[in-house]
Amino acid sequence: MSKKMHIKLKVNGKDEEFFAEPRELLIYTLRERLNITGPHIGCETSHCGACTVTINGKSVKSCTMFAAQADGAEVTTIEGIGGPDNLHPLQEAFKEHHGLQCGYCTPGMITRASNLLEENPNPTEEEIRFGMAGNICRCTGYQNIVKSIQAAATEMNAAKEAAE
Amino acid sequence: MKDDITRDERVENLKGMGCSRKRVEDARFTQGKGNYVDDIKLDGMLFGDFVRSPYAHARITNIDAAAALEVPGVIAVLTAADLEPLGLHWMPTLAGDKQMVLADGKVLFQGQEVAFVVAEDRYAAADGIEAVEVEYEELPVVVDPFAALQSDVVLREDLVAEDGSLPDGAHGPRKHHNHIFTWEAGDKEPTEQVIDTAEVVAEETMYYHRTHPCPLETCGSVASMDKVNGKLTLWGTFQAPHAIRTIVSLISGIEEHNIRVISPDIGGGFGNKVGAYPGYVCSVVASIVTGKPVKWIEDRMDNLMTTAFARDYHMTGKISATRDGKITGLHCHVTADHGGFDACADPTKFPAGFMNICTGSYDIPTAYLAVDGVYTNKAPGGVSYRCSFRVTEAVYFIERMIEVLAIKLNMDAAELRRINFIKKEQFPYTAALGWEYDSGDYHTAWDKALDTVDYKGLRAEQAQRVEDFKAGKTRKLMGIGLSFFTEIVGAGPVKNCDILGLGMFDSCEIRIHPTGSAIARLGTISQGQGHATTFAQILASEIGLPADSITIEEGDTDTAPYGLGTYGSRSTPVAGAATAMAGRKIRAKAQMIAAYLLEVHDNDVEFDVDRFVVKGAPERFKTMKEIAFASYNQAIPGVEPGLEAVSYYDPPNMTYPFGAYICVMDIDVDTGVPEIRRFYALDDCGTRINPMIIEGQVHGGLTEALAVALGQEIAYDDMGNCKTGTLMDFFLPTAWEVPNYETDYTVTPSPHHPIGAKGVGESPHVGGVPCFSNAVQDAFRAFGNTHTNMPHDHWRIWKTASDLGLHG
């Protein structure tokens, strides 16, 4: 064990401050320290994407990042994307198009998809499949996940147009 | 009284069977509010994890935990010596064998559990594991099951008598100290005679490789022993929570009423979470020892290396036919690699599962099957990975044998299937290996599939491609994969299906609340199948209350009626039937109440969507909502208050879903990369409860089939090192590799199921694996290929092309 480090994060808009060992992984910080259990652990080797969060506007697999590396960062998890009173269009679209089954990959999947649509609001099917290839789903075969993301993109673009 | 809505609108409002009702589970899952076992937190909870063996076969001469106990945060270290006084150092397996919970003097596979370190958190547990000193003495390793049956090396000394003789195993006599059982079905001599005298015989040897269900959530448990009240609560990734409660009671001696088992949300199962694992037992013991709740969660490497492999069948087949293609006999022998302990998850009387469904969808008059189970230095398991017990192996076997026979006969494989299908009028059909198929219409399904994809056109295109390839115009070959499968699911009739003596019925209990909503509890447990959505639909149609007003609850043994859980596509065939039957009991009582309220005789009212109406006077009725309230506030002569029912359903037979799949694939012979151009899947699962969920199940099952056929395997080297312990080595397809699927259906209801449903979750995996494999093999048929083993990864496909001389 080594000396604990002083770490500050902004998670889902809330300031967090704590002391942690340098080896503490961000997923552990989120799930065990902050009780944010939306992001899940599936592989601990960056392959499955169940732990995906957004850090300073980029998708990151929180199972292979130390909390210390995220010091000072803004972190968004599924809990920060939308809740009962402000559902994100992706959350609605995944339900509407049966984009999930066991639900274990879903928080990471939606978190990644939200970032993908930030980067590219009008993705083709190929771009969605490529952009989501870091997130594994064992249940759906992806077909309805792709459909859900396409539907959410359409919905978000229509809302944007209406607002302009 | 008049309605302001039409009958059709009343039907629609129920959201009953047949509609694509959106899932009620999704709100929590999409908002990160699922409650999986690793999300459970209890005051003072400790974390346990294993010291695991680096060797595949070794004696353990010493375990020294002293240094580990000095590590900050480490509370206890358990070894077999600590469990022995409790009789918990070994546990019974589902297959009639026993298995070490913690290594008792030796280890039999790499990754085997040696000691359990309990600490304040995961990091401390990991530090503690590092500090446990284990001395091993390496033993010769046996990884090949054929070599195991010749080897002097004894893997299981505990199964050899002191005089060197071999006591019978759970399934009869054993031929060798590394032999587990021989299991036979059908008629040996008549089959051999038919084959020996046949006009045409095709033979093939094939290896269905070892793989793993690999759900995204690994296995885990949280045990909390309340010493004040003597109650044990055990949360875990259990596909069969009641069976786990009974097992825990039997091996721990804690009375069953003092054990509460809870399966919370489960992040996919696919068979991985049927078995009982050392981690579950150790979390319970650690909680008893420490007096605190103890959590155990596998990491991915633990999961792939130790809990629940699937398949690993070495199969040899002979199939005989007349010159014009009528099949006359089938012979199959399997050498089954079960690893170090026989922990296969099968009904007790079926040590090779339902492998004897291997005559498939064909009218084969004579057949024989023999399976030899063998111990090797590999992980135990042998679970049904997204299939009913060993049905994937059976269907792969027959769908390959058909292709091999077609080559021998120089016949089209689609036509060979057609002329051998069991005919519609032959159902119920008793197969040569004993099963009674309930219903089917194979010809209709096959014709629909072939027409939809323009099969003749595809074959013409393929022939042209071969010409172009030979002329040097292309380097891509085209494969057309065919598969027609019959599943056997819904285990099963108590007369021949049990697990550890527990009959494989299932159950449903319904309570109607006064204001016309309801809760129903079942003995099954969803792992993504959407039971809370679909079982409410069954009930809505049966009892006339809206599905949205019905809560479905599963997984808590203190509240749910006893059932055998969810695997082998048994939830809809068995618990779904129990749900319908319990619903009918509710309806029968509601009829009496309605008649009383309407002041007519019981037989003068009839059920109509959401109400009972007086026959011939539809304006006189009582809605189910009104009846529900009346059941609580009226004193009806001869009728008890309340509206509740329970059903324990013992199915009279299995159900036999079937389907026709066609895959079109382009294969680059220089890179070995297959590109799936088209995949058409027609499923007949009987009555369809929720088409949206059926399609989702088909997409998912096909993707798991693609994985197994095209790359996914658990592989070992000669030292018994598992070479595929991470997702870097173990293939899970991403969105990038997976095609879009076309789904289709026919409906042939099961005649013995109350709503005619057959189950669908596993069909696409069972039928999909041979379809993908046949597509790869078919691409090379014109160049002399008859069979190559899966998984068809890029290298193996390239090697096939190379071996056939296609690289110039």
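Computed from a predicted model, the values in this text were never measured in an experiment.

## Regarding the overall build of chain B
Logical step 1: Secondary structure summary: chain B contains 20 helices and 33 strands in total.
Logical step 2: For chain B, whose C-alpha radius of gyration is 28 Å, the value lies close to the compact-globule estimate of 28 Å for 808 residues.
Logical step 3: Taken across its 808 residues, chain B has 59% of its residues classed as buried.

## Observations concerning the interface of chain B and chain A
Logical step 1: Each partner contributes to the interface: chain B provides 42 residues, whereas chain A provides 46 residues.
Logical step 2: Those elements that provide at least two residues to the side of chain B that touches chain A are α2 (26-30) and α18 (691-710) of chain B.
Logical step 3: It is α18 of chain B that contributes the most residues to the side of chain B that touches chain A, six residues altogether.
Logical step 4: Residue classes in the side of chain B that touches chain A are distributed as 17 nonpolar, 15 polar and ten charged.

## Digging into the nonpolar core
Residue and element names in this part refer to chain B.
Logical step 1: Ranked by size, the top nonpolar core spans 303 residues in total, and within it Leu78, Leu102, Ala115, Val117, Cys663 and Phe772 carry the most contacts.
Logical step 2: Tallying contributions element by element places helix α11 (residues 391-409) first for this core, with eleven residues.
Logical step 3: Those residues in contact with leucine 78, other than ones at most four positions away along the chain, are Leu83, Leu102, Ala115, Phe116, Cys282, Val285 and Ala286.

## A few points about the sheet that holds strand β2 (residues 14-20) of chain A
All names here are of chain A.
Logical step 1: Strand order in the open sheet formed by five strands is β2-β1-β5-β3-β4, and the pairing between neighbours is mixed. Two strands bound the open sheet, and with one partner strand each, they are β2 and β4 (58-61). Ignoring strand direction, the axes of neighbouring strands in this sheet form an average angle of 40°.
Logical step 2: Contacts from helix α4 (residues 106-119) reach β3 (52-55) and β4, with the element oriented near 35° to β3.

## Digging into the domain arrangement of chain B
All names here are of chain B.
Logical step 1: Domain boundaries assigned for chain B yield domain 1 (7-29 + 506-649), domain 2 (37-141 + 218-266 + 274-306) and domain 3 (309-490 + 654-803).
Logical step 2: Once you take the C-alpha centre of each, domain 2 and domain 3 turn out to be 37 Å apart.
Logical step 3: Contacts between the two partners involve 20 residues from domain 2, matched on the other side by 25 residues from domain 3.
Logical step 4: Of the residues contributing to the side of domain 2 that touches domain 3, the split by class is ten nonpolar, eight polar and two charged.

## Here we look at the domain arrangement of chain A
Residue and element names in this part refer to chain A.
Logical step 1: Taken domain by domain, chain A holds domain 1 (5-81) and domain 2 (89-163).
Logical step 2: For domain 1 versus domain 2, the separation of C-alpha centres amounts to 22 Å.
Logical step 3: Listed per partner, the contact involves 15 residues of domain 1 and twelve residues of domain 2.
Logical step 4: Sorting the residues of the side of domain 1 that touches domain 2 by element identifies β3 and α2 (78-81) as the ones contributing at least two each.
Logical step 5: Sort the elements by how many residues they give to the side of domain 1 that touches domain 2 and β3 lands first, with three residues.
Logical step 6: Here the side of domain 1 that touches domain 2 is composed, by residue class, of seven nonpolar, eight polar and no charged.

## Some remarks on the sheet that holds strand β1 (residues 46-52) of chain B
Residues and elements named next belong to chain B.
Logical step 1: With respect to topology, seven strands assemble into an open sheet ordered β3-β7-β1-β14-β11-β12-β13, the strand pairing being mixed. Taken across any chain shown, the strands that pair with only one partner, and hence form the sheet edges, are β3 (74-78) and β13 (259-262). Strand-to-strand twist across the sheet, computed as the mean angle between neighbouring axes with direction ignored, equals 20°.
Logical step 2: Two elements, strand β11 (residues 220-226) and strand β12 (residues 231-236), share six bridges in a ladder whose sense is antiparallel. The residue bridging alanine 223 from the neighbouring strand is leucine 234, located in β12.
Logical step 3: Each of β12 and β13 touches helix α8 (residues 241-252); the most contacted strand, β13, lies at about 145° to it.
Logical step 4: Sheet contacts for helix α9 (residues 278-290): β1, β3, β7 (113-119), β11, β12 and β14 (294-297); angle to β11, the most-contacted strand, approximately 25°.

## Regarding helix α20 (residues 794-803) of chain B
Residues and elements named next belong to chain B.
Logical step 1: Among the residues of α20, Ile797, Thr800 and Ala801 are the ones counted as buried. The buried residues of α20 occupy an angular sector of 95° when projected down its axis, which confines them to one face.
Logical step 2: Looking at the buried residues of α20, the elements they touch are β31 (658-668), β32 (674-684) and α19 (763-779).
Logical step 3: The positive-phi residue at the C-terminal boundary of α20 is glycine 805, with phi of around 75°.

## What about the packing of helix α16 (residues 571-598) of chain B against helix α17 (residues 624-633) of chain B?
Residues and elements named next belong to chain B.
Logical step 1: Between α16 and α17, the least distance of the axes is 10 Å, while the angle of their chain directions is 90°. As summarised for this structure, α16 and α17 are arranged roughly perpendicular, according to the angle between their axes. For the pair α16 and α17, the contacting residues are Ala590, Ile593, Ala594 and Leu597 in the first and Met624, Ile627, Ala630 and Ser631 in the second.
Logical step 2: Counted by class, the contact of α16 with α17 contains seven nonpolar, one polar and no charged residues.

## A word on the environment of aspartate 556 of chain B
Logical step 1: Relative to the helices and strands, aspartate 556 of chain B resides in the loop between β26 (550-554) and α16.
Logical step 2: Spatially, the C-alpha atom of aspartate 556 of chain B lies 9.9 Å from that of leucine 234 of chain B, the residues being 322 residues apart in sequence.

## Remarks on the pairing of strand β27 (residues 605-608) of chain B
Residue and element names in this part refer to chain B.
Logical step 1: Examined bridge by bridge, β27 and strand β28 (residues 611-614) share four bridges and lie antiparallel to one another. Paired with valine 605 across the two strands is valine 614, which belongs to β28.
Logical step 2: The antiparallel pairing of β27 with β28 creates a hairpin that spans two residues between the two strands, and valine 609 there sits at a positive phi of about 65°.

## A closer look at helix α12 (residues 413-420) of chain B
Residue and element names in this part refer to chain B.
Logical step 1: Within the span of α12, buried status applies to Ala413, Ala414, Leu416, Arg417 and Asn420. The buried residues of α12 occupy an angular sector of 165° when projected down its axis, which confines them to one face.
Logical step 2: Among the structural elements, β16 (327-339), α11, α13 (442-453), α14 (455-470) and β21 (476-486) are those in contact with the buried residues of α12.

## Quick notes on the packing of α11 of chain B against α19 of chain B
Residues and elements named next belong to chain B.
Logical step 1: One way to put it is that α11 packs onto α19 with a least axis distance of 9 Å and a crossing angle of 35°. Remark: the crossing between α11 and α19 carries right-handed chirality. Taken together, the residues of α19 that come into contact with α11 (itself represented by Val391, Thr392, Val395, Tyr396, Glu399, Arg400 and Glu403) are His765, Val766, Gly767, Val769, Pro770, Asn774 and Gln777.
Logical step 2: Taken together, the residues of the contact of α11 with α19 sort by class into six nonpolar, five polar and three charged.

## Here we look at the pairing of strand β15 (residues 309-321) of chain B
Residue and element names in this part refer to chain B.
Logical step 1: Counting buried residues in β15 gives twelve out of 13 residues, a clear majority hidden from the surface.
Logical step 2: Two elements, strand β10 (residues 200-211) and β15, share eleven bridges in a ladder whose sense is antiparallel. Bridged to valine 200 within β15 is alanine 321.
Logical step 3: As defined by bridge partners, β15 adjoins strand β18 (residues 381-383) across two bridges and the pair is classed as parallel. Across the sheet, residue phenylalanine 309 finds its bridge partner in β18, namely glycine 381.
Logical step 4: In the sheet, β15 pairs with β16 via nine bridges, with the strands oriented antiparallel. Bridging across to β16, threonine 316 finds its partner in histidine 333.

Parameters at a glance
Residues numbered from 1 in each chain as written. Chains lettered and ligands numbered in written order. Predicted model: local features only at pLDDT ≥ 70, side-chain atom pairs only at ≥ 80, totals over all residues. Helix = DSSP H or I, 4+ residues; strand = E, 2+ residues; numbered from the N terminus. Rg over C-alpha atoms; globule rule 2.2 N^0.38 Å. Buried ≥ 20, exposed ≤ 12 C-beta atoms within 10 Å, placed from the backbone. Contact = placed C-beta atoms within 7 Å. Nonpolar A, V, L, I, M, F, W, Y, C, P; charged D, E, K, R; others polar. Core = buried A, V, L, I, M, F, W, Y, C linked by C-beta atoms within 7 Å. Pairing = 2+ DSSP bridges. Axes fitted to C-alpha atoms, helices over the stretch in contact; angles between N-to-C directions. Domains from an automatic or database assignment. Arc of directions from axis to C-beta. Parallel < 35°, antiparallel > 145°, perpendicular 65-115°, else oblique. Left-handed = near helix turned anticlockwise from the far one by under 90°.

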